[in-house]
Amino acid sequence: MALFGSFAALGVSLSFAISMGAIAVPIDTVWGVFLDKLGVWSGDPTWSKGRAAIVWEIRFPRALLAVMVGAGLAVVGATLQAVTRNPLADPHLLGISSGGAFGAILALLHTGLFLGLLTVPLMAFLGALVATLCVLVVSKWAGAMSADRLVLTGVAISFVVMACANILIFLGDPKATHTVVFWMLGGLGLAQWSHLIYPLAILVPCSLWLWLQAPQLNAMTIGDETASSLGIPVARFRLTVFVVGALITGVMVAFSGMIGFVGLMVPHIVRLIVGGNYIRLVPLSAIFGGIFLLWADIVARTVMAPEDIPVGIVTGLIGGIAFVLLLKR
């Protein structure tokens, strides 16, 4: 029932996200354009070509990217909270997002797009993966491999990686450094249909794999000893989840920049609704993450229309306030 209701809420949110903006478009026009593009519209179009272009070329890919990014960050946050047994774990706190931003900035300001469109996502993933490996290596070197201390190591690595990213910005071409503001503040304005295949191709199989690991994730929330007694190779499983999380986060950061609080807050909201069983928590976190980022993007596009506020600012404001209210509850 919760899954059906969340899908319905996602459909409604998607409709409003495409309809609302500096130029309002009626919802029936939104879905009329959609059906027309699919070739199943039976009547004559009642909308102008300009509105059709706004719906199909600008808002539809932006809304779909918001769903994918929100879903990916929420799923990564939920699974990291399981393997670290820390309710504050998320891609930002563990340095994964910082690593992804470092790789994207390196590609944009220094190496160039040597692999074309794939360069930024690939470099972002490699940056996220290196940051993740740094967390694990430093934790082992410092004797801090316990789940609760991994987060502290991640915070330290995150500061170091962001300092290195700032050095890249400082050494980069001053005329080109304005492009990195997109990655630092987060935004969905560069969404295009041709780009969506890349985050989708990573999100679907990786999220499905994490969902299939729900029994192991449930065991990890109890403790390493319990998980080991059930035959789970704890260290290897935690490393695998970290790498998969780095893959998802790196690609999402490549296309949306650094968007905070989604991976931290959404899983806690879902737990209040359906409990902590990861069989339900993983898919519902994905759906609620998409819904949350859709509405955050609506606020970003409308509160100062026609200007777009970076969506990372909106998620930080909404997420911070909501998380304080969750803590009080």
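Quick note: structure is the one above.
Quantities reported herein were computed from a predicted structural model and do not represent experimental measurements.

Reading guide: rules and limits
Residues numbered from 1 in each chain as written. Predicted model: local features only at pLDDT ≥ 70, side-chain atom pairs only at ≥ 80, totals over all residues. Heavy atoms only, no water. Salt bridge = Lys/Arg side-chain N within 4 Å of Asp/Glu carboxyl O. Helix = DSSP H or I, 4+ residues; strand = E, 2+ residues; numbered from the N terminus. Buried < 20%, exposed > 50% of the residue type's maximum accessible area, 1.4 Å probe, protein only. Core = buried A, V, L, I, M, F, W, Y, C linked by side-chain atoms within 4.5 Å. Axes fitted to C-alpha atoms, helices over the stretch in contact; angles between N-to-C directions. Parallel < 35°, antiparallel > 145°, perpendicular 65-115°, else oblique. Contact = heavy atoms within 4.5 Å. Nonpolar A, V, L, I, M, F, W, Y, C, P; charged D, E, K, R; others polar.

### With respect to the pattern of salt bridges
One side chain can pair with another of opposite charge once the charged atoms of both are near each other.
Then step 1. A complete count under the given rule lists two salt bridges for this structure.
Then step 2. Residue Asp 297 pairs with Arg 62 through a salt bridge whose shortest N-O separation is 2.8 Å. A residue pair is termed long-range when its members are at least 10 positions apart, and Asp 297 in helix α13 (residues 278–302) and Arg 62 in helix α3 (residues 49–84) qualify at 235 residues.
Then step 3. When its relative accessible area of 2% is taken as the criterion, Asp 297 is described as buried.
Then step 4. Across the pair Asp 297 and Arg 301 runs a salt bridge, and its minimum N-O distance is 3.2 Å. Of this pair, Asp 297 and Arg 301 both sit in helix α13, separated by four residues, roughly a single helical turn.
Then step 5. Residues joined by salt bridges that share partners form a network here, namely Arg 62, Asp 297 and Arg 301.

### Here we look at the nonpolar core
Then step 1. Leu 80, Val 83, Ile 248, Val 262, Tyr 278, Leu 293 and Leu 294 are the most contacted members of the largest nonpolar core, which has 91 residues in total.
Then step 2. With 19 residues, the top contributor of residues to this core is α3.
Then step 3. In terms of nonpolar packing, the next biggest core, distinct from the first, is built from ten residues, Leu 109, Ala 165, Leu 168 and Val 180 among them.

### With respect to the packing of helix α2 (residues 27–38) against α3
Then step 1. Running from N to C, α2 and α3 point in directions that differ by 85°, and their axes come no closer than 9 Å. For the element pair α2 / α3, the angle class is roughly perpendicular. For the pair formed by α2 and α3, the contact residues are Val 30, Trp 31, Val 33, Phe 34 and Lys 37 on the first element and Ala 52, Val 55, Trp 56 and Phe 60 on the second.
Then step 2. Taken together, the residues of the contact of α2 with α3 sort by class into eight nonpolar, no polar and one charged.

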